[in-house]
Amino acid sequence: MSKSSYRDIARLAGVGTATVERVLNGRGGVRPELAEKVVIAARSLNYPRTLPDAHRGLLRIEVLMVRPETTFYRRLSKAFERIAATLDPLVVVHRSFTEEMNPEQIARHIRSTDVPRAGLILAVPNSPLIKAAVEAVAAQGVPIVHVVTRALEKTGAFVGIDNEAAGRTAAWFIARMARTKGPVVALCHPIYQVHRDRIRGFSSYFAAHPGPIAFEWLGFTRDEEHFSAETLAIALEKYPDLVGLYNAGGANSALISVLRRHPRGREILFIGHELTDYTRAALSDGIMDVVLDQAPEAQAQRALDLVLRRIGLTDVEPDPSPIRFITITAEGL
């Protein structure tokens, strides 16, 4: 098979041969977005030459997340860091955090053109401002992948678990494992579509399986420790015979603390998300019964695979099915 020529690369990249020559010989004077196209085309055609050092790190994939103080997002960020270290030096994965409750700041960051991006991976909540920003960036041709949760329903690929199935699974466990008959409550952070999807699945299971163990009340927590503890305290006062608790969001440590202090804390079947130091300890001593972990490491890998496929650095099509969530009990630790 004959080797690729400048003309082949130029045709694939949609530029002139003079542009190809300048990029591959490191002579500069080429706009970054055009240089990206040339490098991608050269690599996809297996052009037999080491790319010049001036273009190493040319492909910048930005990952935008929230809440760096949480174990889950630290796990997700660390996963991106580890995977990035295994990629071609051509690719730089830049991780940023922004304020969860500041949609204006998130939208500005998404729209930012300070540094050219080869791809954008988002783990942020949805709001009208954020949706508009995502649509604007997508219109510029930047590949977008939503990970964990969707900031926009129809623009960009989504990597995450089947959240409705997770909610139904939590309901199934409570309906089958609750220690006695009585009411069930659920908690969530409503700014996230995926949390609403979990509650939809949870509610639909109980609606389809009416009985003496019933879903009675939904509380909103903001995934904030103090507010979550207060919301659970309200639920315990409202339902002194509570038999089941499902937390579709975060702030499990606050809920665990409330249940540890409550006289009936160990009688309530408690299911939540994400394996952390807090939930591991709570499983071990019987405060929690089941943890549904959404495997952020697998989500990071899939998200990067999708971007790399879109920008032409791999021919492998990532698996389109949802990431499998992991069911963990004390016996599985």
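Residues numbered from 1 in each chain as written. Predicted model: local features only at pLDDT ≥ 70, side-chain atom pairs only at ≥ 80, totals over all residues. Heavy atoms only, no water.

1. Concerning the pattern of salt bridges
Basically, it comes down to this: Each reported salt bridge corresponds to a side-chain nitrogen of Lys or Arg within 4 Å of a carboxyl oxygen of Asp or Glu. Think of it this way: any DSSP run of H or I at least four residues long counts as a helix, any run of E at least two long counts as a strand, and we number them from the N terminus. Classification of residues uses two cut-offs on accessible area relative to the type maximum, computed with a 1.4 Å probe and protein chains only: under 20% is buried, over 50% is exposed, and between them is partly exposed.
Evaluated as defined, the whole model comprises 16 salt bridges. One salt bridge connects E164 with R200, and the closest N-O pair in it is separated by 3.5 Å. Taken together, the residues E164 in helix 7 (residues 163-177) and R200 in helix 8 (residues 193-208) connect sequence positions 36 residues apart. Judged by its relative accessible area of 41%, R200 falls in the partly exposed class. Note that R179 is salt-bridged to D289, the shortest N-O span being 2.7 Å. Placement of R179 in the loop between helix 7 and strand 6 (182-188) and of D289 in the loop between helix 11 (277-284) and strand 10 (290-293) is noted, with a sequence separation of 110 residues between them. When salt bridges that share partners are traced, they join R67, E69, E100 and D223 into one network.

2. As for the sheet that holds strand 9 (residues 269-273)
The strands making up a sheet are joined through hydrogen bonds of the backbone, oriented either antiparallel or parallel. Spelled out, the test is: Only strands joined by at least two bridges in the DSSP assignment are considered to pair. Lines fitted to the C-alpha atoms define the axes, with helices restricted to the stretch that makes contact. Angles between their N-to-C directions range from 0 to 180 degrees. Residue contacts follow a heavy-atom distance rule, with two residues in contact if any of their heavy atoms lie within 4.5 Å.
If you trace the six strands from one edge of the open sheet to the other, you get 7-6-8-9-10-11, paired in mixed fashion. The two strands at the open ends of the sheet, each matched to only one other strand, are strand 7 (213-220) and strand 11 (326-328). The mean inter-strand angle of the sheet, taken between neighbouring strand axes irrespective of direction, is 15°. Alignment of strand 8 (residues 244-247) against strand 9, held across three bridges, turns out to be parallel. Bridge assignment links L245 to a residue of strand 9, and that residue is F270. Sheet strands touched by helix 9 (residues 225-238): strand 6, strand 7 and strand 8. Its angle to strand 7, the strand with the most contacts, is close to 145°.

3. Points about the packing of helix 9 against helix 10 (residues 252-261)
Note the following rule: The scheme is simple: roughly parallel for angles under 35 degrees, roughly antiparallel for over 145, roughly perpendicular for 65 to 115, oblique for anything else. Crossing handedness follows the turn of the near helix against the far one: under a right angle anticlockwise gives a left-handed crossing, and clockwise gives a right-handed one. Polar here means any residue other than Ala, Val, Leu, Ile, Met, Phe, Trp, Tyr, Cys and Pro, which are nonpolar, and Asp, Glu, Lys and Arg, which are charged; Gly is therefore polar.
The contact between helix 9 and helix 10 brings their axes to 8 Å, and the two run at 40°. Taken together, the axis directions place helix 9 and helix 10 in an arrangement best described as oblique. Note that helix 9 runs across helix 10; the crossing there is right-handed. Between helix 9 and helix 10, the contacting residues are E225, S228, A229, L232 and L236 on the first element and S253, A254, L255, V258 and L259 on the second. Its residues assigned to classes, the contact of helix 9 with helix 10 comprises seven nonpolar, two polar and one charged.

4. As for the packing of aromatic side chains
This is how the line gets drawn: Paired rings are identified among Phe, Tyr and Trp, the last through its six-membered ring, by centres lying within 6.5 Å, and are further divided according to the angle between planes into stacked (under 30 degrees), edge-to-face (over 60) and tilted (the rest). Our definition puts a charge over a ring when NZ of Lys or CZ of Arg is within 6 Å of the ring centre and also within 35 degrees of the ring normal.
The full count for this structure, using the stated rule, is eight aromatic pairs. Ring geometry for F202 versus Y246: centroids 4.8 Å apart, planes at 25°, classification stacked. Within this pair, whereas F202 is found in helix 8, its partner Y246 is found in strand 8, the two being separated by 44 residues in sequence. Classification of Y246 by relative accessible area gives buried; the value is 0%. Seen in terms of ring centroids, Y205 and F206 are 6.0 Å apart; in terms of plane orientation they differ by 90°. Their pairing is edge-to-face. Classification of F206 as buried rests on a relative accessible area of 7%. Connected via pairs of aromatic rings, a cluster forms that spans F202, Y205, F206, F215 and Y246. Over the face of the ring belonging to F227 we find R222, whose NZ or CZ atom lies 4.0 Å from the ring centre.

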